Amino acid sequence: MKNLYLIGFMGAGKSTIARALAKKCPSKRIEMDQLIEEQQGMAITDIFAAHGENYFRDLETELLRSFSESTGYVVSCGGGSVLRDENAALMKENGCIVFLRATPETIYERVKDSTNRPILNGNMNVEYIRELMEKRRPRYEAVADICVDTDGKDVDAISEEILKAVEDRS
Ligand SMILES: Nc1ncnc2c1ncn2[C@@H]1O[C@H](COP(=O)(O)OP(=O)(O)O)[C@@H](O)[C@H]1O
Ligand SMILES: O=C(O)C1=C[C@@H](OP(=O)(O)O)[C@@H](O)[C@H](O)C1
Ligand SMILES: [Mg+2]
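It should be emphasised that the depicted structure is a prediction, and the values quoted were computed from it without experimental measurement.

(A) Here's a closer look at the UniProt feature "binding site: ATP" (unreviewed entry) in the chain. When the UniProt feature table is mapped onto this chain numbering, "binding site: ATP" (unreviewed entry) sits at G11, A12, G13, K14, S15, T16 and R117. Those annotated residues from the list above that line the largest pocket are G11, A12, G13, K14, S15, T16 and R117. Here K14 is to be found in helix 1 (residues 14-24). Under the relative-accessibility criterion, K14 is labelled buried at 7%. With sequence-adjacent residues up to four places away left out, K14 is seen in contact with L6, I7, G8, F9, S76, C77, G78, G79 and L100. Separated by 3.0 Å, the side chain of K14 and the backbone oxygen of G8 make a polar contact.

This is how it looks when you write it as structure tokens:
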């Protein structure tokens, strides 16, 4: 199996769906944010505060490179990782890219209590989420092999929809 890269805005459900998919099919799971936190010994918020966003983006590229030639992974990507051309190319090379979509209102409900999403620090509101989502949406859509709407769907239904779409493509 090629790698499955889950992309989309913060709160789209990448981490949650990756966990569900890893239970449903014989794959190993990679949670990019968690691996970076373990490697750095720091929370994402602290990495941003201590070293800045570019440093974090370099860590994402390094991590994607490290398994880009391996297969059989379900990868929960950081929401901004696919914005770099090099990262998108690494995902495309040996994987199927799944874009999880949700409206700004749904995203807000899912992330409003989050304290470890520094991009939303001080901007935790629907309008800011909508603005940033509109900037990122063309990118998510351009690189995606599969798009799945997640509003009002439970985790099991979304996972099944992804597995079916992947099967239909093969
Ligand atoms: N389909 C869904 N329906 C309801 N809640 C969801 C759904 N997917 C994710 N969530 C919840 O939204 C929050 C953010 O999900 P998460 O998987 O961390 O998103 P991401 O990794 O894309 O930022 C979590 O609390 C999770 O339980
Ligand atoms: O969208 C982004 O730029 C980010 C998303 C986060 O991951 P989630 O999408 O899992 O929240 C995390 O990688 C970091 O806070 C930056
Ligand atoms: Mg996540």
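(B) Structural detail: the layout of surface pockets. Quantified by volume, the largest pocket comes out at close to 560 Å³. If you go around the largest pocket, you meet 33 residues; those closest to its centre are G11, K14, S15, D33 and R117. Broken down by secondary-structure element, the contributors of at least two residues to the lining of the largest pocket are helix 1, helix 2 (32-40), helix 3 (44-51), helix 4 (53-66), helix 6 (104-111) and helix 8 (155-169). It is helix 1 that contributes the most residues to the lining of the largest pocket, five residues altogether. Of the residues contributing to the lining of the largest pocket, the split by class is twelve nonpolar, eleven polar and ten charged.

(C) The packing of helix 4 against helix 5 (residues 85-94), seen in detail. With their axes 10 Å apart at the nearest point, helix 4 and helix 5 run at an angle of 20° to one another. One way to sum up the angle between helix 4 and helix 5 is to call them roughly parallel. Crossing of helix 4 over helix 5 shows left-handed handedness. Touching E60, T61, L64 and R65 of helix 4 are E86, N87, L90 and M91, all from helix 5. Partitioning the contact of helix 4 with helix 5 into residue classes produces three nonpolar, two polar and three charged.

(D) Local environment of the UniProt feature "binding site: substrate" (unreviewed entry) in the chain. Here, UniProt's "binding site: substrate" (unreviewed entry) annotation points to D33, R57, G79 and R136. Lining of the largest pocket among the annotated residues: D33, R57, G79 and R136. Mapped onto the elements, R57 comes out in helix 4. According to the relative accessible area criterion, R57 is buried, its value standing at 9%.

About the thresholds
Numbers given for residues are sequential positions, taken from 1 along each chain in its written order. The lettering of chains begins at A and the numbering of ligands begins at 1, in the order of writing. Thresholds applied to this predicted model are a pLDDT of at least 70 for local features of residues and 80 or more for the giving and counting of side-chain atom pairs; totals over whole chains, interfaces and linings are not thresholded and use all residues. Excluded from the side-chain calculation are hydrogens and water; included are all heavy atoms of the structure. UniProt positions are given in the numbering used here, feature names are shortened, and annotations may be inferred rather than shown by experiment. Cavities and pockets were defined on a 1 Å grid built from protein atoms only: a cavity is a group of points that admits a 1.4 Å probe but offers it no way out, a pocket is an open group of points flanked by protein on both sides within 12 Å along at least five of seven lines, and a lining residue is one with an atom within 4 Å of any such point. Note on conventions: DSSP H or I runs of at least 4 residues are helices, E runs of at least 2 residues are strands, and numbering of each starts at the N terminus. Buried residues are those whose accessible area, probed at 1.4 Å on protein chains only, stays under 20% of the maximum for their type, while exposed residues exceed 50% and partly exposed ones sit between those limits. For this analysis, residues touch if any pair of their heavy atoms sits within 4.5 Å. Polar contact criterion, stated in full: a pair of N or O atoms within 3.5 Å, where within protein one must be able to donate a hydrogen and the other to accept it, and residues adjacent in sequence count only if both atoms are side-chain atoms. Grid points are joined across faces, edges and corners, and a volume is the space filled by probe spheres set on the points. For this scheme, ten residues count as nonpolar: Ala, Val, Leu, Ile, Met, Phe, Trp, Tyr, Cys and Pro. Four count as charged, namely Asp, Glu, Lys and Arg, and the remainder, Gly too, count as polar. Axes here refer to lines fitted to C-alpha atoms; in helices the fit is confined to the stretch in contact. Angles between the N-to-C directions go from 0 to 180 degrees. Angles below 35 degrees are treated as roughly parallel, those above 145 as roughly antiparallel, those between 65 and 115 as roughly perpendicular, and all remaining angles as oblique. Each crossing is labelled by how the near helix is turned from the far one, with a counterclockwise turn of less than a right angle marking it left-handed and a clockwise turn marking it right-handed.

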